[in-house]
Each structure stands twice: as C-alpha cells, then as structure tokens.
Amino acid sequence: MSSSDFGQAANLHSEAESIRHQCIEFLHYVKVFIFRYLEPSKVENDGMLHPYEELEAQLPSLLVEELHGLTMHIGHLCELPSSVLAAFTIQHQAKVFPPSWHLLHLHLDINWLVLEILHVLGEKMMRQVVYANHFINLTGENLTSISLFETHCGNLVSDLISLSINKYIKVRPSEALTSHHYPCMCIKELWILLIQLLDHRNKGSHTECFWNLVNKTLKNIFQRPSSSERMSSSETTQCKDPLSFSWWIITHLASLCQFDRNGNLDEKKQKESNWKFVEELLKKSTDAQTGVLEEHLRMHLQCCLTLCSFWDLNLSIVTILWDYYSKNLNSCFTVPWLGLKGLANISKTSLSMLELVKSCCCEQQIPALYKSSNSYFIFLSILARMMKEEAENGGVHPWKQIKGRIYSKFHRRRMQELTEVGLQNFFNLFLMLAIVAETEDIVSRVLDLLDFLTPSSITVSQRALIWRGHFAFLLIYVEKNMDISVLAEKLSNAFREKAKEFLVTKNDYTQKQNLWTLLSTYIDGVQEVFETSCYLSLSEEKLLNDGFSMLLPACRGAELSMVLNFLQVVLARLRSVHKRVSQGLQLGNTAPDAQLPLVAKEHHLAVASALWRNFFPYLKSQRMSQTPPSPQLADTAAGFTLLALDIPSKALSDLQPQPILSMMQLFGWDDMVWPQLVSRYLSHLIQNSALCEAFSSMGYTSYEALTVRSWFRCILQMFIDQPTGMLAKTDAERTVGKAYMEQLTEMTRLIFKLSEVENILSKAHVEESVFKQDPKNALVQFIKAVGRTYSGLQTLPEKSAMVAKTLEYLGDVLKYVKPYLKAKGPPEGLQLTYWIIGCLVKFWAPILATSKAQQLLFRIVDCLLLPHSVLQQDKELPVALLSAIQESLPLYLQGLSFICCQSQTQGAYLNQLLGSIIQQYFGRFLPSSPTVLGAGQHPMVTALCSSITASQMLRLRKTTLHVINENYMQFKGNAPPPRLASVLAFILEVLQRTQSTELCDINLVLPAVLKCLVLVNELQVKKISTDIVQYMVEDCQAGSGGECATQLTSVFRQFIQEYTAVYDHRVFSILETVAVLDQTLVTSLIPTITQSLKDSEHKQGLGRNAAQREAYKRLLSYLAEAGQNEIQKLENETG
C-alpha cells in the first residue's frame, strides 16, 4: 500500500469512527437522560399542565415510536450486505479499520442500545406500558414499549443465531466443542449482555427467559416455511442440520451463562437450565426414524455431557439414552472416516477394559472424546456423572431410581442375542455401575445374567471376553478392598477344567489354540489382580489352583514363556508385599487396621503354599531337560529361592529343613544342570546379602566355593551345545549365543565381588581391568591369582587349607569337559578345555604337587594327554583334538616340570609321565622337513623357551633331550633315523632361543650330532649338525671352562676314539672346523688323536698310514705351536 493509499484509509477510518461515535453518543445521551430526568406523568387537580410537562408526558410515546423507526431503518443484521458482514473477519488488533467494520459494529451498538433504552424506559415508567399513540393512530397497529422490546429482542436473537448458522456450516462434528459460535468477540459480548439482561428482567416477571427465546428461534429452524409464507429473518440462512446445530449453539450459549453481570467467569453461579428443550433434542437424536449417524451422535452426546457440567443433573436424560442404547448394544458405534480410531474397542485385557470404563467416571477432556471414545462411552460418562454427583449431594441414590430400568432390559433372550461387541458393551455398562454404585449387588446380578448364556451358544472369543469381564470385576473388588474368594473360585474352577482339556488335547491344533486363548486370558487376569492388590490379603491364593500344574507340562515355546513370566511377576509381587507387611509388623501398628498385617501374612502363606505346590514340581523337572532351558526357567528358580528365603516354612517337604540350601544344590551347584541355567540362576543370587547371611547363620562355609565351582563349569561348558562338525573357527560371540556370553560376563563380574575371590585377587594384586575381560580370560586371571596367593603363603596349615579350598573350587573338573572329549569336538570346546586345564597345571603346579592334589593331576594327564587313543601310535588323532593339544601343551609341560622338581614321593613316576608325554607328542608335531618349521611352532620349543625357573627348564630340557636321543636319533646300523633334519633343527632352535648350552645338551645331544656329521651325507643334516656343534663349542668357550667345557672335551675324546679308525678323514675335517672355533679345545685333544692314529695303524698292521698322517698334519697346522710340535714329533718318528 502506497503512502497515499494508507493516508486515504486512515482518513476513511477516522471519518467512519467519528460518525459511529456520534451515533452511539447520542443514544447514550438518550439513555442517560431517561435514567436521570424522566418521570411518570402527574396530572394536576385542575388538569392543566405546563407546556414543558405536556411535552415531557408525550416523550415516552414518541421515544417508543422513534426507536421502532430506528429498528426498521437499520433492519436485520443478517440482511446486511456480504461486504459489510465480511468485516467480522478483521482482527481487533488492527489500528485502522475500513468503514464497513465501523458500520457493522454500529449496527451491533444500535441493536443493544435500543434494548437498553427500552429497558431503562420501562424501569423509569414504573413498569407502565408505554403506547406509541401517534403510530397506532396512523397505522392501526398496536405498538408498546414491551411489544417493541420483545420483538426487537427476538429479532436480535434470530439474527445472532443466523450468524451462528453461517459459522456452523464450516464446523466439523469432531471440532464442535472447540469451534465457537460467534464470528467475533463483540458478538460474544452481545450474547452475554443479552443473557444478563433477559435473566434480570425474567426475575421481575417482565418477560420470558433467555432460553425460551432461544428455544422459539431454534424451533422455527426445524419448521420449514410454506411458499406462501414470508420467511423470517432467522430463516434467510438455511440450516442443513438443525438438530446438530441446536446442540451446538445451546452448549456454547450455556457456557456463556457462567459469566456474571460484570463479565467475569463464575462457575459457581446459579444457572438456569434448559433441560426440557434438550430432552426434546435428545429424543430426536436417538429416534430411529431420524437415523442420526454415529459421527453426529457423538457430537450430540458430547454436548449433552458438557451441559451436565453446567446444569443441575436430570435423570430423564439417562432414561432417554438408555432406551436407545439398550436396543443397540450390539452396535459398534464406529465412524468410518475415523479409520481404526473409530472401531469398536474390544479390550485385550481386563485391566485395559477397566481403565477404559474408569475413564468414564473421572473428569475428562470432553472435546477429545469424539475421537477417543464412541457415543456409547460418552453415554456411560453421562450416566457416571449422574450417579456420582447425585450420590454426593445426598438423598436417594440415583442407582435405586434407575436400576429397575437397566435390569429390565436384560432377560434370557436378550442375553443370548448379544454378540461379542454386545457383551463388551454389556460389561462396560456394569463395570462402570460397579465402580460408582452397589458393587456386590451389581456383580451378583451380572453373574446371574451371564448364566443365561449356554456354553454351546458362545464362541471362544466371547468366552475369553467373559473371563476378562470377570477379572475386571475382581480388580474393582481389589481396589475397594473387598474379599474376592467367591468370584475367584468360580473363575479358577473354570480355568482348571480348560487346563485339563489343554493337557489331554494332543493333535488338534485348532482346539489347542482355542483353549490357549482362554488360558492366556486367565493368566493375564491373575497377573493384573496380583499387581493391583496392595496387601495380597483378599484371598488371591484362590486364583492359583492346581490347574497350573496341569497346564505347565502341556505348554511349549511362547506359551511356556508367558506362564513363566507370569510366575516371576507373582513371585516378585508376593515377596515385595510380604516384606512391606513384615516391616509393618516389626515397627508395630496402632492404627484401626492393626489386624491387617496379621491377616495379610496368613494370605501370604497361602499364596506361597499354592506357588510351591502347583508350580515348583514342573520347574524342578525341567532343570535337566534334553535341550538348553529358557532363561526364564532360571529367573523363576531364583524367584523361588528368594521366596524360600523369605517364607521358608511353606517350601515343599523334600526341600526342608533348609530350603535355600536345597534350592542352591538343585539349580546352582548340581554338575548335571545346563550351564546356561546355572549361570543365569546364580547371577540373580550371588550378590544377595540376605542369602549370604542365611548361609553364614546356618554355618555353611562352602557357599562361595561352590558358586566359584559352578562358574568354572559354566565357562568350561560354554560350547557344550555346539555341533561338533564345525570346521571354521569363529569368535565366541558367534559360536556361543550372544545372550549366554553376556550372561557369563555378568556372572564373572559378580563372582569377582565374592569376599573369598576379592581376598585372593587382592593378595595377588590383580587389577580391576580383569572384570571387564571376557569370561575365559577372567577365569585364567583368577587361576593365576590363586597360584600366586598360594605361593605367598608361609605356614603349612595355611597351605593345606588353601589346597583344600582350591580343590573345592575345581570340583570334578574333568567331568565338566568329558562331553567335549567324548564327542571329539566342537573345536572351540576342545581348545577351551585344554587351555584352561593347561593353565591350571602350570599356574597351580605348587598346589598339584601336594599329596592332596596329585591324584587330580594324574587324572588330568590320563584323560587329556595320555588317553588310550594317544597311546595307539598307528591311530591318527582328530585334527581338532591335535590342534587343541598343540596350542596348550607348553602349559602342561612347564607345570609338570615344576611338579617333578617339587615332588618328593612321586618324583620318579612324574618324571616317567613327563617323558611319556614328550615321547607321544614330539613326533606328532614334528614336521617332515625343517623347511616348514616356523619359529616357535613346535609346542615343546615354546615350553622350553618360555620364562620358567632354571630348575624347571633344566628338568624339562633334560627329559626332552633324553626322549629325543632315545627315540629320534638312534641309527639302525649306519642308516639315519627318519626326519633327522627336523629333529636337528628342533635342537638348534632350542639352543638359539635359550641362548645357552646345558650339560645335558652335551651329554645327550652332542654325541649323536657328531655321529650325524660322520655318517650322514645329506647336506641339510650336515649344515644343521655343524651349526649345533658350532653353537655348543662357542657357548662353552664363552663360559671360560667349567663343567661344560670338561664334558665337551670328554665327548670329543670319546668321538675321536670311536670314529678315527674308520672315518679318519671325516673326523679330522670336523676337528678342523672345531679348531677354528676353539683352538684350545682341539689342542687338548692332540694326545688322544695321536694315540687313536697309532692304534688305527697298529690294527691295520700295515705300518704308518701316510694318508692319515697327512690329514692329521693338516689338522695340526691349525693348532699353532702345539700343532707344530706334534708335527715335529710325528716326523721324527718317521725319520
């Protein structure tokens, strides 16, 4: 808008506002003048009046005539041009308004001021009728101040309603309560002013009340005029749905009646109702001939419910509605365009059914009900409001007035006609009534009515609905703290029969599904009762009958899961409530309900007894099932254990006298129970302080040790249910179920918090990061910690006690791994077995060396390392088994070597065992040729080269080399043993990696190596043998003499004596090589060589052997002065 356009608009606004202001000011002046100065005419005795008084006496009549003229001039609001009426859409926040806006509001001002002036005129004239004499004389029509007021008021109401009709055209039924009937706030104010004025006049009996005037106008809307009649102003706008419009306008107008004369909202204000007219509307809404759709009926009842909050209650409304709904109980009351929201709500559980009904009994957001409820529920809300408010106001309870009408609609034929939806509506009605009225009377009548239904006449879904309805009534009993025994027994007996049918039904899948529908309904219902009951003191135990003992064995998969979930909830709820009640008893109770805890405790004992009797036998029977049990079995068993802790007296007789100990032995410490069950079960209980205290109080000190034992077993058996034919190795998370790995991790975390374990870890200085490792590594860390702790003990009693405790931790460890060994798999299981027990042998070697533990050691060797299959040399071991042994063998060898050093009583036998193990596996892991021998690949290299004590290393080295010498380096005549190069490569690798030469090396290996150099021509053997000799000679030389050097000289002396006669050139060649390395060594051997040479010549009997002597001289040439002297001696002999 340009500045000139804006300026022109501002001028028009200013001019129009000025005209409006002048008009209003004038009418206000007239009103004030009448109020201040006008008095009824007084006729003097002589009948003479002053000219002014005469004019004053004519003023009321003339005023009525002028006001009539004014109303005729301005006409009806709804007849204003559309361009003017469009000004209603202009927001009041604007500062510049068009002339049409001022003209429209001037019409409103004039309409109201005419009424005000006529009212003030009537008040000043002492309620005398003022006639418009001049108008009457001219037209012959009667015109008075009262008739003008009533006519104008009626026209104004009609006009305002016409404006509302225009507004209603755009209103959806779902938005009726949130869409106002006035186009702008000025209209709202005008309605309020009208209501206040007409109510004020009605109190003085001047005129009819506001509602009568509205009702007349609305009735006119219902009546279509004939073509010969002139349409009234209110009919200029046609209303397509006068019934819905009437509900809408009345509801909104009723809300305006809450304002006081100052325009403030006053909800406590005494309000006149319009029930009579509303009753007529309600009859039209529920008239079958009218055929009102659900989408409109919802809105009508929303309005009715809203009016109930404004006006005094009226039972006639309920009567009209019940007459309609009693005939339509089978209806779904849906609105198609609302989709799923509009569908009939068949409640899935008894609690949801009750919650839905309870929502009808409390304050609600009425506008939201259109989409969240159907018209039937809105009717229930109206009925509930009537029941509650009338009852609160005292007097006769409204239920007594209407129960006859409600009950009379239900008889045998009617009950049998009810569909599933009808039954749902039936229950919704009586549940609501049971909440707000006489619960027991209503429930009793409902049970009688349901007896009209024969089993053959109702479907499975209807039966399930009836059971849910029963449980909903039970929940009401519980909330009202009423005993449930009668209703509970009726339900539980029906459940028992269906559970029995479920047990005996084998192959009929459909029948089983139908029965499960009912049984699951019962389970859900019982769970809701237990979760709702505050003290479990209302005979809840009646719901836990022996039907469950028949049901559980017949359940599979999801069915069993549901029952066990339910059982866990009941166990937890019983324990929680029992603890709360017991604490109340301990604290003392002086309240009026002081007996409640005692009564509740009796019921708790009954519930506990029912749980043990009807559920636990099945649980016990499943702990050793053929397949891994579900996690819920462990959870439930833990729940029973804690129940035995809280209420020990009611546990079964075969668990007495110490039920918690019996439970732990059954589910936590029994080696035959699935590890998945044990780990989950113990994880619930390990950190339970009350359980620990209970075991301490009964003097049972093995609680923690047996729990650690179970942990050992759970980890060792983590692959127990894996197929044995798996070829590819995968991570534990893939191979073992992820859930079980998580469970083991949690169990490990809890085990490490046991006081015994914490004490061991603390003494061994194990870091907390161990807790975060995976369970296998954590177990190894614990094994190491136990070994370190034992090694740190000083006194014999301490050590003896520690050995006993350690053996208690282990239990029959070989029994745990027997399934792997028997099945020769899976590979992961075998690897885990050999690794963990290998760690035991290595890190618990000091413990296994004791007399108490040696038998376990011997069993480990027999079962894992020297079983019968290994001793059969011609029989190949499975690849998975051989691989597992190869990876873990160093652990066993190192541990056994330590034990051999320590044991005093069984030393010889242990040495023999160690030798047998080396003999059996050295060849199995020896490659065919040294070219494929990787660094550290042979497990015995790893064992010999790891960081172990000198005595351990020496014992293992000596035994290993002895076995090699005896079994792998013996020549058959001059024929070398098989895989000789690989054996020599093994020896060389040990020497190189240990970087030392021991006495046993020289005694056991060197002679055989020298023999290889003499007798074997294979280059690879010669090369490796030469390297070994070189390494030994150099190492002994570095040692600067000593025992090794002496022994080295002795070995070479023997070698010279044995082979010089036949292999003189080879011997001299070898000695030449040695001379380069250690001249002193060979120099010391000169006498022996010379003597061997002479002995050889003597044996040959041919005199001096020139070739031998030349070869010998060549060797001597390497030996400096001593060599030259010996050459000189030999030449002198020659000469």
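Residues numbered from 1 in each chain as written. Predicted model: local features only at pLDDT ≥ 70, side-chain atom pairs only at ≥ 80, totals over all residues. Heavy atoms only, no water.

Focus on the overall build of the protein
Working step 1: When helices and strands are tallied, the protein shows 54 helices and 0 strands.
Working step 2: For 1135 residues, the compact-globule estimate of 2.2 N^0.38 gives 32 Å, and the protein exceeds it by more than 25% at 54 Å.
Working step 3: Taking the principal axes of its C-alpha atoms as reference, the protein extends roughly 205 × 85 × 55 Å.
Working step 4: The long-range fraction of contacts in the protein, counting pairs at least 24 apart against all pairs at least 6 apart in sequence, stands at 77%. (Helix = DSSP H or I, 4+ residues; strand = E, 2+ residues; numbered from the N terminus. Rg over C-alpha atoms; globule rule 2.2 N^0.38 Å. Contact = heavy atoms within 4.5 Å.)

Section: helix H12 (residues 315–325)
Working step 1: Within H12, 9 of the 11 residues are buried, which leaves it mostly tucked inside the rest of the structure.
Working step 2: In this structure Asn314 caps H12, since a side-chain oxygen of it lies 3.1 Å from the backbone nitrogen of Ser316. (Buried < 20%, exposed > 50% of the residue type's maximum accessible area, 1.4 Å probe, protein only. Polar contact = N/O pair within 3.5 Å; in protein donor to acceptor, adjacent residues only side chain to side chain.)

What to know about the pattern of salt bridges
Working step 1: Applying the stated rule across the entire model yields 31 salt bridges.
Working step 2: Measuring nitrogen to oxygen at the nearest pair gives 4.0 Å for the salt bridge that ties Lys283 to Glu280. With Lys283 and Glu280 both in helix H10 (residues 275–285) and 3 residues apart, this pair spans about one turn of that helix.
Working step 3: Across the salt bridge formed by Glu746 and Arg749, the nearest N and O atoms sit 2.7 Å from each other. Taken as a pair, Glu746 and Arg749 lie in helix H33 (residues 738–751) at a separation of 3 residues, close to a single helical turn.
Working step 4: On the basis of relative accessible area, Glu746 is assigned to the partly exposed category, the value being 31%.
Working step 5: Taking the relative accessible area as the measure of exposure, Arg749 reaches 31% and is therefore partly exposed.
Working step 6: One continuous salt-bridge network, built from bridges that share partners, spans Glu355, Lys358 and Glu479. (Salt bridge = Lys/Arg side-chain N within 4 Å of Asp/Glu carboxyl O.)

Considering the packing of aromatic side chains
Working step 1: Inspection of every chain in the model, using the stated rule, returns 59 aromatic pairs.
Working step 2: With 5.9 Å between their ring centres and 5 degrees between their planes, Phe333 and Tyr376 make a pair best called stacked. A residue pair is termed long-range when its members are at least 10 positions apart, and Phe333 in the loop between H12 and helix H13 (350–358) and Tyr376 in helix H15 (residues 375–392) qualify at 43 residues.
Working step 3: Using a relative accessible area of 7% as the deciding quantity, one classes Phe333 as buried.
Working step 4: The ring of Tyr407 is capped by Arg445, whose NZ or CZ atom sits 4.1 Å from the centre of that ring.
Working step 5: A cation over a ring is seen here: Lys512 above Phe502, with NZ or CZ 4.0 Å from the ring centre. (Phe/Tyr/Trp six-rings, centres within 6.5 Å; stacked < 30°, edge-to-face > 60°. Lys NZ or Arg CZ within 6 Å of the ring centre and 35° of its normal.)

Here's the deal with a nonpolar patch on the surface
Working step 1: A cluster of nonpolar side chains, namely Val129, Tyr131 and Ile146, defines an oily patch on the protein surface of about 240 Å² accessible area.
Working step 2: As for its position among the elements, Val129 is in the loop between helix H4 (99–124) and helix H5 (133–139). (Patch = residues over 30% accessible without salt bridge, like charges linked within 9 Å, V, L, I, M, F, W, Y side chains within 5 Å. Areas by Shrake-Rupley, 256 points an atom, 1.4 Å probe, with all protein chains shown as cover.)

Looking at the side chain of Thr707
Working step 1: Mapped onto the elements of the fold, Thr707 is located in helix H31 (residues 703–716).
Working step 2: A relative accessible area of 1% means that Thr707 is categorised as buried.
Working step 3: Looking at Thr707, its side chain comes within polar contact range of the main-chain oxygen of Tyr703, at 2.7 Å.
Working step 4: Every residue in contact with Thr707, bar those within four places of it in the chain, is listed here: Trp669, Leu682, Ile686, Ile751 and Leu754.

Some details on unusual backbone geometry
Working step 1: Cis rather than trans, the peptide bond between Gln656 and Pro657 has omega equal to 5 degrees.
Working step 2: For Pro657, the location among the structural elements is in the loop between helix H27 (631–646) and helix H28 (659–667).
Working step 3: Of note in this structure, Leu536 is not a glycine but carries a positive phi near 50 degrees.
Working step 4: As for its position among the elements, Leu536 is in the loop between helix H22 (509–532) and helix H23 (547–554).
Working step 5: The buried category is assigned to Leu536, whose relative accessible area is 0%.

Considerations on the nonpolar core
Working step 1: Among the nonpolar cores identified, the biggest contains 390 residues, and Phe430, Leu544, Leu551, Leu611, Phe640, Tyr681 and Phe1052 are the most heavily contacted of them.
Working step 2: Those residues in contact with Phe430 that lie beyond four places of it in its chain are Ile406, Tyr407, Phe410, Ile442, Val446, Leu449 and Phe473. (Core = buried A, V, L, I, M, F, W, Y, C linked by side-chain atoms within 4.5 Å.)

Points about the side chain of Thr994
Working step 1: For Thr994, the position within the fold is in helix H46 (residues 980–994).
Working step 2: A polar contact is formed between the side chain of Thr994 and the backbone oxygen of Val990, at a distance of 2.6 Å.
Working step 3: Apart from the residues within four sequence positions on either side, Thr994 is in contact with Leu944, Cys945 and Arg957.

Some words on the environment of Val157
Working step 1: Along the chain, the position of Val157 falls in helix H6 (residues 145–168).
Working step 2: When its relative accessible area of 0% is taken as the criterion, Val157 is described as buried.
Working step 3: Setting aside anything within four residues of it in sequence, one finds Val157 in contact with Trp191, Leu194, Leu213, Val214 and Thr217.

Focus on the packing of H6 against helix H7 (residues 185–203)
Two measures define how a pair of helices packs: the angle their axes make with one another and the distance between the axes.
Working step 1: One can describe the packing of H6 onto H7 by two numbers: an axis separation of 12 Å at closest approach and a directional angle of 145 degrees. The two elements H6 and H7 meet at a crossing, and its hand is left-handed. Listed contacts from H7 to Phe149, Cys153, Leu156, Val157, Leu160, Ile161 and Leu163 of H6 are Ile187, Leu190, Trp191, Leu194, Leu197, Leu198 and Arg201.
Working step 2: Across the contact of H6 with H7, the residue classes tally to 13 nonpolar, no polar and 1 charged. (Axes fitted to C-alpha atoms, helices over the stretch in contact; angles between N-to-C directions. Left-handed = near helix turned anticlockwise from the far one by under 90°. Nonpolar A, V, L, I, M, F, W, Y, C, P; charged D, E, K, R; others polar.)

Things to note about the confidence of the model for the protein
Working step 1: Overall, the prediction assigns the protein a mean pLDDT of 87, with 92% of residues at 70 or greater.
Working step 2: Note that pLDDT drops below 50 for residues 225–236; the model gives that stretch 16 contacts with residues more than four away or on any other chain. (pLDDT = per-residue confidence, 0-100.)

Overview of the packing of H31 against helix H37 (residues 813–823)
Working step 1: The interhelical angle for the contact between H31 and H37, taken along N-to-C directions, is 15 degrees, at an axis separation of 10 Å. The pairing of H31 with H37 is recorded here as roughly parallel in orientation. In terms of crossing hand, the pair formed by H31 and H37 is right-handed. From H31, Arg709, Arg713 and Leu716 reach across to H37, where they touch Val813, Tyr816, Val817 and Tyr820.
Working step 2: Within the contact of H31 with H37, the residues separate by chemical class into 5 nonpolar, no polar and 2 charged. (Parallel < 35°, antiparallel > 145°, perpendicular 65-115°, else oblique.)

Some points on the environment of Val171
Working step 1: Among the secondary structure elements, Val171 is positioned in the loop between H6 and H7.
Working step 2: Sequence separation between Val171 and His181 is 10 residues, and the spatial gap between their C-alpha atoms is 9.5 Å.
Working step 3: In this structure Val171 touches Ala176, Ser179 and Trp248, once residues within four positions along its chain are discounted.

Points about the state of the cysteines
Working step 1: This structure, assessed with the given rule, holds 0 disulfides.
Working step 2: Cys1012 forms no disulfide, and the closest cysteine sulfur to it belongs to Cys1000, at a distance of 18 Å. (Disulfide = S-S within 2.5 Å.)

With respect to the environment of Leu113
Working step 1: Here Leu113 is to be found in helix H4.
Working step 2: Owing to a relative accessible area of 3%, Leu113 belongs among the buried residues under this scheme.
Working step 3: Sequence spacing of Leu113 and Trp247 is 134 residues, and the spatial spacing of their C-alpha atoms is 30 Å.
Working step 4: Those residues within four positions of Leu113 in sequence are excluded, and the remaining contacts are Ile24, Leu27, His28 and Lys31.

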